[in-house]
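Notes for the structure review
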Amino acid sequence: MRPAALDWSVENCTIARAMEILGERWTLVVLREVFSGVRRFDDMRVRTGVPRQVLTNRLAMLVERGVLRREPYREPGSRERHEYRLTGMGLDLWPVLVAVLGWGDRYLADPEGSPLTVAHRDCGAEIGVALRCERGHEVDRPRDVVPRPGPGARRRAG
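First, a word on what this report is: a plain description of the structure on this page. (Residues numbered from 1 in each chain as written. Predicted model: local features only at pLDDT ≥ 70, side-chain atom pairs only at ≥ 80, totals over all residues. Heavy atoms only, no water.)

A look at the packing of helix 2 (residues 25-35) against helix 4 (residues 52-64)
Packed helices, taken two at a time, are described by the angle between their axes plus the distance between the axes. Going by this rule: For helices, the axis comes from a line fit to the C-alpha atoms of the stretch in contact; other axes are also lines fit to C-alpha atoms, and the angle between any two N-to-C directions lies between 0 and 180 degrees. Note on conventions: DSSP H or I runs of at least 4 residues are helices, E runs of at least 2 residues are strands, and numbering of each starts at the N terminus. Angles are sorted into four bins: roughly parallel if under 35 degrees, roughly antiparallel if over 145, roughly perpendicular if 65 to 115, and oblique for all others. The contact criterion used is simple: two residues touch if any of their non-hydrogen atoms lie within 4.5 Å.
Where helix 2 contacts helix 4, the axes come no closer than 10 Å and their chain directions differ by 75 degrees. Here helix 2 lies roughly perpendicular to helix 4, going by the angle between them. Where helix 2 approaches helix 4, its residues Trp26, Thr27, Val30 and Leu31 are matched on the opposing element by Val54, Leu55, Arg58, Leu59, Met61 and Leu62.

Some thoughts on a nonpolar patch on the surface
How we decide: Two distance rules govern patches: like charges are joined within 9 Å, and nonpolar side chains (Val, Leu, Ile, Met, Phe, Trp, Tyr) within 5 Å, applied only to residues with over 30% relative accessible area and no salt bridge. Accessible areas in this description were obtained via Shrake-Rupley with a 1.4 Å probe; residue shielding takes into account the shown protein chains only. When a carboxyl oxygen of Asp or Glu lies within 4 Å of a side-chain nitrogen of Lys or Arg, that pair is called a salt bridge. Exposure is judged per residue with a 1.4 Å probe applied to protein chains only, and the accessible area is read against the type maximum: over 50% gives exposed, under 20% gives buried, and values in between give partly exposed.
Taken together, the side chains of Trp103, Tyr107 and Leu108 present a nonpolar region at the surface, about 400 Å² in accessible area. Counting through the fold element by element, Trp103 comes out in helix 6 (residues 94-107). Under the relative-accessibility criterion, Trp103 is labelled exposed at 51%.

Quick notes on the side chain of Thr87
So the rule is basically this: Think of a polar contact as two N or O atoms within 3.5 Å of one another; within protein, one of them needs to be a possible hydrogen donor and the other a possible acceptor, and neighboring residues in sequence only count if both atoms come from side chains.
Along the chain, Thr87 falls in the loop between strand 2 (80-86) and helix 5 (88-91). By relative accessible area, which is 18% here, Thr87 ends up buried. Within the structure, the side chain of Thr87 is placed 3.0 Å from the backbone oxygen of Val67, a separation counted as a polar contact. Excluding its chain neighbours within four sequence positions, the residues that come into contact with Thr87 are Gly66, Val67, Leu68 and Arg69.

That is the geometry; function is a separate question.
Structure (structure tokens):
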């Protein structure tokens, strides 16, 4: 049986566009740090071990693409430097990072467990990602989801 998805073009796919920004290993590591409150270049470099030029490039790209913004600061007696802060677009990536963390914890964690957890500030319970349809039904299995053309879909020629 021929999948119906073959009838629709994926050349304007937003997953592919998102992965142009997020698809490199160090990008999500940088975002993890900023979400954790580590906003200064030197702190990120020391904490993550990201090579200096790679970190420079990732931060510049995330600023250029609107995920982060640069905020100037100056330590007494030092030159002006910049912190990196999440924009609205960047903050909207939080569920993505939580989902990647959950997947990594499930399949890739060391025997003693994950070095990072995320918890609800109010009650302290751990956070996870749940999928729900717009009517509020929780979706537990991939087989409960059907991909279909969206409003920007283009029919394939031929």
